[in-house]
Amino acid sequence: MHCPACYSDKCETVETINTGDIIKLYKRVLGIDVSKLFSGTPLIEYTHCLACDLRFFFPWVSGDEVFYEELQEFDWYYDETEKPEYLFASQFIAEGASVLEVGCGNGAFRSFLPTSVAYTGLEFNDKAIRKAQALGLDVKKCPVEKYAETADLLHDVVCSFQVIEHVSEPRKFFASCAKATKHGG
Ligand SMILES: [Zn+2]
């Protein structure tokens with residue numbers, strides 16, 4: 001096992017979790033069946049990287065499209081009206097900047113930015129994409145890893161909110177975000 005952020009193997013287990021308990025809790029609290037996501041993974045280890053202090057769960061299990069479709073049915077899931085991180089990030093974005101938001105949901109962050117900003121969003125969830133597109137936003141269904149390979153234009157700002165915890169390979173994710181950013185961006 002190695003740390004997904006710094007790749008160190010100096011990691012220790014803090015707690016071992018039976019995924020059967022996670023499956024039961026999801027069913028009881030939210031009525032969502034996550035058993036498919038954990039098939040072949042009876043145990044998850046809550047792990048601490050002693051090199052960089054990151055805490056993470058191992059093995060890395062990511063939610064699939066069905067899982068996020070189901071979560072999105074809850075009103076609270078995409079409640080993006082009161083996010084302090086949007087306000088915080090928006091002060092670093094200049095008039096006319098080109099902004100890429102990775103995992104943009106229904107594109108709520110766009111409304112925190114000057115109208116002169118050229119905004120592009122990346123998202124997996126079809127319903128969220130349709131909502132964003134209905135608002136006239138440029139939102140593509142594309143992983144940032146692929147986008148960074150093919151994008152013909154680099155962005156002044158590449159940002160992402162509450163996404164990293166859903167990503168199974170964060171180091172690759174960060175590298176792709178950096179690749180989609182202009183020099184000095
Ligand atoms: Zn680490």
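Residues numbered from 1 in each chain as written. Predicted model: local features only at pLDDT ≥ 70, side-chain atom pairs only at ≥ 80, totals over all residues. Heavy atoms only, no water.

Per an unreviewed UniProt entry, the chain goes by Methyltransferase type 11 domain-containing protein and derives from Nostoc cf. commune SO-36.

Visitor: Could you give an account of the sheet that holds strand 1 (residues 11-18), naming the residues involved and the relevant values?
Guide: What the three strands build is an open sheet, ordered 1-2-3; its pairing is antiparallel. Each having just a single partner strand, strand 1 and strand 3 (55-58) make up the two edges of the open sheet. Here the strands of the sheet are splayed against their neighbours by 25° on average, with no regard to which way each runs. Examined bridge by bridge, strand 2 (residues 43-49) and strand 3 share four bridges and lie antiparallel to one another. (Pairing = 2+ DSSP bridges. Helix = DSSP H or I, 4+ residues; strand = E, 2+ residues; numbered from the N terminus. Axes fitted to C-alpha atoms, helices over the stretch in contact; angles between N-to-C directions.)

Visitor: Explain the coordination of the zinc ion residue by residue, including any values.
Guide: At the metal site, the zinc ion is ligated by Cys3 (SG), Cys6 (SG), Cys49 (SG) and Cys52 (SG), and these contacts range over 2.3 Å. Because the angles between the four donor atoms bound to the zinc ion fall within 104 to 115°, the donor set is best described as tetrahedral. Counting residues between consecutive donors of the zinc ion along the chain gives the motif C-x2-C-x42-C-x2-C. Under the relative-accessibility criterion, cysteine 6 is labelled partly exposed at 30%. (Donors = N, O, S within 2.8 Å, 3.2 Å for Na, K, Ca; no water. Tetrahedral: all angles 85-135°; square planar, octahedral: opposite > 155°, others 65-115°. Buried < 20%, exposed > 50% of the residue type's maximum accessible area, 1.4 Å probe, protein only.)

Visitor: Describe the UniProt feature "domain: Methyltransferase type" (unreviewed entry) in the chain, naming the residues involved and giving the relevant values.
Guide: Sites flagged by UniProt as "domain: Methyltransferase type" (unreviewed entry) map to residues 100-185. Secondary structure within residues 100-185 divides into 30% helix and 16% strand; the distance between the first and last C-alpha atoms comes to 11 Å. (UniProt positions renumbered as here; feature names shortened; annotations may be inferred.)

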